[in-house]
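Each chain is listed here by its residues.
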Amino acid sequence: MFKWPPSGGHFRLPMRERKRSPESTAGRCICCRHYYLTWDRRFPHGCKAFGFKSAGPPSRLVLQSSGALCRLFVAKEAKKQSE
């Protein structure tokens, strides 16, 4: 007999149909000018704007502590391609 939803009881929407939640914006730190990787294994992510290191993306910690998205996000400039 056919079972729905598929095994595990979870159904995932295709990427184009998913709506971004505030929690999913944590990945945008990688595109921020203030983001950097540290040498500390326990806290590999850092934010120069806020001046802290964290175990996960800094924007997730900002969201958890303030309840708002990071307001210091500044997009990195595109790298120039040399010919």
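Everything numeric here is computed off the predicted structure, so don't read it as measured data. (Residues numbered from 1 in each chain as written. Predicted model: local features only at pLDDT ≥ 70, side-chain atom pairs only at ≥ 80, totals over all residues. Heavy atoms only, no water.)

K.L.:
Any chance you could explain the pattern of salt bridges here in plain terms?
P.N.:
Should the charged atoms of two oppositely charged side chains come close, the side chains can pair. Throughout the structure, instances matching the rule amount to 1 salt bridge. Taking the shortest distance from any N to any O, the salt bridge between Asp-40 and Lys-53 comes out at 3.7 Å. Of this pair, Asp-40 sits in the loop between strand E1 (35-37) and strand E2 (45-47) while Lys-53 sits in strand E3 (residues 52-54), and the two are 13 residues apart along the sequence. Residue Lys-53 is classed as partly exposed on the basis of its relative accessible area of 42%. (Salt bridge = Lys/Arg side-chain N within 4 Å of Asp/Glu carboxyl O. Helix = DSSP H or I, 4+ residues; strand = E, 2+ residues; numbered from the N terminus. Buried < 20%, exposed > 50% of the residue type's maximum accessible area, 1.4 Å probe, protein only.)

K.L.:
Just checking my understanding: could you explain the environment of Asp-40 for this structure?
P.N.:
Take Asp-40: its relative accessible area is 23%, and that puts it in the partly exposed class. Looking at Asp-40, its side chain comes within polar contact range of the main-chain nitrogen of Arg-42, at 3.1 Å. (Polar contact = N/O pair within 3.5 Å; in protein donor to acceptor, adjacent residues only side chain to side chain.)

K.L.:
Help me out: how do you make sense of the sheet that holds E2 in this one?
P.N.:
In sheet architecture, strand pairing relies on hydrogen bonds along the backbone and comes in two forms, parallel and antiparallel. Pairing in this open sheet of 3 strands is antiparallel, and the strands run E1-E2-E3 from one edge to the other. Of all the strands in the sheet, the pair left with one neighbour each is E1 and E3. The average undirected angle you get between the axes of adjacent strands in this sheet is 30°. Here E2 runs beside E3; their pairing, made up of 3 bridges, is antiparallel. Of the residues in E3, the one forming a bridge with Cys-47 is Phe-52. Docked against the sheet, helix H1 (residues 58-66) engages E1, E2 and E3, running at close to 100° with respect to E3. (Pairing = 2+ DSSP bridges. Axes fitted to C-alpha atoms, helices over the stretch in contact; angles between N-to-C directions. Contact = heavy atoms within 4.5 Å.)

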